[in-house]
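# Coordinates in review
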Amino acid sequence: MKKSIFKYLLGIFACATVLYPVFVWYASIGDAFTWQSFFPLFGLIAFATMWLHVVGAALRPWLERYVNFERFVHATSYLVLVAILLHPLFFVLIAGVKNLGFLASFSASKLLWF
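A brief report on the enclosed structure follows. (Residues numbered from 1 in each chain as written. Predicted model: local features only at pLDDT ≥ 70, side-chain atom pairs only at ≥ 80, totals over all residues. Heavy atoms only, no water.)

## Considering the nonpolar core
For clarity, the threshold we go by: Residues belong to a common nonpolar core when they are buried Ala, Val, Leu, Ile, Met, Phe, Trp, Tyr or Cys residues joined through side-chain atoms within 4.5 Å. Each residue is placed in one exposure class: buried if its accessible area under a 1.4 Å probe, protein chains only, is under 20% of its type's maximum, exposed if it is over 50%, and partly exposed if it falls in between. Note on conventions: DSSP H or I runs of at least 4 residues are helices, E runs of at least 2 residues are strands, and numbering of each starts at the N terminus. Residue contacts are counted whenever heavy atoms from the two residues lie within 4.5 Å of one another.
F38, L41 and I45 are the most contacted members of the largest nonpolar core, which has 15 residues in total. Secondary-structure elements contributing two or more residues to this core are α1 (2-29), α2 (40-58) and α4 (69-95). Apart from residues no more than four positions distant in its own chain, L41 is found in contact with V22 and W25.

Below, the structure written as structure tokens:
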């Protein structure tokens, strides 16, 4: 009984960890829902899910008693991959391929100031 309660609590925590940044993002854009405001969502999802992987790896001996952590990482790694690919893809689509020339103006020597 205690194992199943912890299992459900961990699932709720994992979902809340990913969904809370999504709700904050949605609240911050308000009614101004455009494609320009949409691409950060994928970065937030990827970061929050990867954060769960890192924290879960640190707590793996404890987590393995309640959930199959290897299966969780395997299943959510696809979500991370898709989100990591869609995040810059939406940026490129928004900015337009011909407008990305400004990225070439950033070189390593210009970014060093010390």
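Read on, since the account is not over.
## Section: the pattern of salt bridges
The criterion, for reference: In the sections that follow, a salt bridge refers to a side-chain nitrogen of Lys or Arg positioned within 4 Å of a carboxyl oxygen of Asp or Glu.
Tallied over the full model, the rule gives two salt bridges. We note a salt bridge from R60 to E64, for which the minimum N-O separation is 3.4 Å. The class of R60 is partly exposed, set by a relative accessible area of 33%. The partly exposed category is assigned to E64, whose relative accessible area is 36%. For R60, the salt bridge goes to E70, with nearest N and O atoms at 2.7 Å. With R60 in helix α3 (residues 60-63) and E70 in helix α4, this residue pair connects regions lying ten residues apart in the sequence. When salt bridges with common partners are traced through the structure, they connect R60, E64 and E70 into a single cluster.

## Notes on the packing of aromatic side chains
As a reminder of what qualifies: The rule is short: rings of Phe, Tyr and Trp, with Trp giving its six-membered ring, pair when the centres are within 6.5 Å, and they are stacked under 30 degrees, edge-to-face over 60, tilted in between.
The tally for this structure, following the rule as stated, stands at five aromatic pairs. Grouping aromatic residues by their ring pairs yields a cluster made of F6, W62 and Y66.

## Quick notes on the environment of H53
Heads up, the rule is: Definition of a polar contact: a pair of N or O atoms within 3.5 Å, with one able to donate and the other able to accept a hydrogen when the atoms are protein atoms, and with sequence-neighbouring residues admitted only if both atoms are side-chain atoms.
Residue position: H53 is located in helix α2. In this structure H53 touches F69, F72, V73, T76, S77 and V80, once residues within four positions along its chain are discounted. A polar atom in the side chain of H53 sits 2.5 Å from the side chain of T76.

## What about the side chain of T49?
Within the fold, T49 resides in helix α2. Of note is the side chain of T49, whose polar atom sits 2.7 Å from the backbone oxygen of I45. Excluding residues that lie within four positions of it along the chain, T49 makes contacts with V18, T76, L79 and V80.

## So, the environment of W35
Relative to the helices and strands, W35 is located in the loop between α1 and α2. C-alpha separation for the pair W35 and L93, spaced 58 residues apart in sequence, amounts to 9.2 Å. Residues within four places of W35 in sequence aside, it is in contact with F90 and I94.

## Looking at α2
We apply this condition: Expected span of a helix, by definition, is 1.5 Å for each gap between consecutive residues, and there is one gap fewer than residues. Throughout, the arc means the angular range of directions from the helix axis out to the C-beta atoms.
In this model, α2 (19 residues) spans 27 Å end to end at C-alpha, consistent with the 27 Å of a helix rising 1.5 Å per residue. For α2, the set of buried residues is L41, F42, I45, A46, A48, T49, L52, H53 and G56. Take α2 and look down its axis: the buried residues cluster within an arc of 165°, on one side only. Exposed and oriented more than 90 degrees from the buried face of α2 are F47, V54 and A58. Packed against the buried residues of α2 are α1, α3 and α4.

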